[in-house]
Amino acid sequence: MGQADHHKPLTLRNLQLTSPVALAPMVDYSHSALRTLVQECGGTGILYTEMLSIRRLPSETARHCPLLVTTPREQPLFYQLVGSEPERLPEAVAKVHTLGGAGIDLNLGCPAPRIRKMGAGAALVANRERLGAMLKTLRRETTLPLSVKIRLAHPAGESFPSFCKMLEDEGVDLITIHARRPGEKFCRKPDWPAVAEGRRVVSVPVFVNGGIFSVDDARQALEQSGANGVMVGRGALIRPWLCREITDALQGRETVTEYTEKTVYFRFLSLLGERFTARQCLDRLKYFTKYYSKLFPFGHGFYSKIINSSSMEEAEEHARVFFTSQQSY
Ligand SMILES: Cc1cc2nc3c(=O)[nH]c(=O)nc-3n(C[C@H](O)[C@H](O)[C@H](O)COP(=O)(O)O)c2cc1C
């Protein structure tokens, strides 16, 4: 497999990436507080919003929609759009411009029934004509870098490589490939080598995604796929410093940590509090703790305390007790 040079900065149009590591779009997780936490740990080349419906985006504001809350430091931030109606894109794209997005991503991989029903996400890949219209409209409406996130799937009558080539020909600047086929569960091992079939035929950067939980996983995914970079999802919820460790390893630096498991958790608490209402904070803390607690041998007990908390104050007290007990080991 031809290895890409991970020391050479990647450029998407006029955007130069400081690292070939992206934090994945994840509904309920990749909000402003998580993005900031991971960015502060370091090593993020691209951040993504949670997926945003092109129907709702034009009329929404950060005041009423937590998905749109962001801070100027969260850059480069790509807004991930989900939808299937090309005629709705001009307004959605204009909104991303107003919000100061650094790039736009089109979700072509989500298999959720609610998204499928709209003909969006993975379902849009099966509708070649509509997909073409969506891509053409996006390219016409913006000069920002355009990325797509796909699974190992392609329209009928087309091969996976020719699908990837079509994406490039329509003006896509970055293709992220989640190395699973539609319908494959997250517990299944991702097929990183299959990403290479798409990678070989395009000259735009390709990022490989799926099942990257360590530096070693990232190295293997890159080696097997020949991709130019990686996108990390759940791995960054368990280890918010994973993007930093991968970037340091790829760029030949030793990771010097100035944070601990406890300081990262409490930093997340305060980042939530600076951005969201008490209810929104508590929900997001519970989601995050489901993954973060996997770091600890007795993490399930900690998670159950947090999930049963009825206020942020109560959750914070449980966290204080838990991390104090961790220190005495
Ligand atoms: C809770 C959750 C929410 C997700 N939401 C999105 C989303 O909004 N858009 C998207 O393209 N993918 C979404 N994904 C898929 C992830 O971006 C990623 O492709 C997947 O988790 C595999 O990567 P990982 O193994 O590094 O987690 C989501 C995944 C999870 C677990």
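Values in this document were obtained by computation on a predicted structure and should not be read as measured data.

**Some thoughts on the site of the ligand**
At step 1: Every one of the 22 residues lining the ligand counts as a neighbour, but A24, M26, M51, G233 and R234 are closest to it.
At step 2: A class-by-class count of the residues in the shell around the ligand yields 9 nonpolar, 9 polar and 4 charged.

**Focus on the environment of M26**
At step 1: Mapped onto the elements, M26 comes out in the loop between β3 (21–23) and α1 (32–41).
At step 2: Spatially, the C-alpha atoms of M26 and M51 are 7.3 Å apart, while their sequence positions differ by 25 residues.

**Quick notes on helix α8 (residues 215–225)**
At step 1: Of all the residues in α8, the buried ones are A218, A221, L222 and S225. Angularly, the buried residues of α8 cover 95° about the axis, an arc narrow enough to put them on a single face.
At step 2: On its buried face, α8 is in contact with α7 (192–199), β10 (206–209), β11 (229–232) and α10 (242–250).
At step 3: Residue G226 follows α8 closely and has a positive phi angle near 70°.

**Comments concerning unusual backbone geometry**
At step 1: Cis peptide bonds are those with omega within 30 degrees of zero, and the linkage from Q75 to P76 qualifies with -10°.
At step 2: As for its placement among the helices and strands, P76 is situated in the loop between β5 (52–53) and β6 (77–82).
At step 3: For D28, which is not glycine, the phi dihedral falls at a positive 75°.
At step 4: Along the chain, the position of D28 falls in the loop between β3 and α1.

**Observations regarding the packing of helix α12 (residues 278–292) against helix α13 (residues 299–307)**
At step 1: Running from amino to carboxyl end, α12 crosses α13 at an angle of 170°, the nearest separation of the two axes being 9 Å. Here α12 lies roughly antiparallel to α13, going by the angle between them. Taken together, the residues of α13 that come into contact with α12 (itself represented by L285, K286, T289 and K290) are Y303, I306 and I307.
At step 2: Per-class residue counts for the contact of α12 with α13 are 4 nonpolar, 1 polar and 2 charged.

**A look at the domain arrangement of the protein**
At step 1: Annotation of the protein at the domain level lists domain 1 (11–250) and domain 2 (261–326).
At step 2: For domain 1 versus domain 2, the distance between C-alpha centres works out to 28 Å.
At step 3: Taken residue by residue, the interface counts 14 residues in domain 1 and 15 residues in domain 2.
At step 4: Where the side of domain 1 that touches domain 2 is concerned, the elements lending two or more residues are α1 and α9 (234–238).
At step 5: Per-element tally for the side of domain 1 that touches domain 2: the top contributor is α1, with 5 residues.
At step 6: Residue composition of the side of domain 1 that touches domain 2, grouped by class: 9 nonpolar, 3 polar and 2 charged.

About the cut-offs
- Residues numbered from 1 in each chain as written.
- Predicted model: local features only at pLDDT ≥ 70, side-chain atom pairs only at ≥ 80, totals over all residues.
- Near = placed C-beta within 6 Å.
- Nonpolar A, V, L, I, M, F, W, Y, C, P; charged D, E, K, R; others polar.
- Helix = DSSP H or I, 4+ residues; strand = E, 2+ residues; numbered from the N terminus.
- Buried ≥ 20, exposed ≤ 12 C-beta atoms within 10 Å, placed from the backbone.
- Arc of directions from axis to C-beta.
- Contact = placed C-beta atoms within 7 Å.
- Axes fitted to C-alpha atoms, helices over the stretch in contact; angles between N-to-C directions.
- Parallel < 35°, antiparallel > 145°, perpendicular 65-115°, else oblique.
- Domains from an automatic or database assignment.

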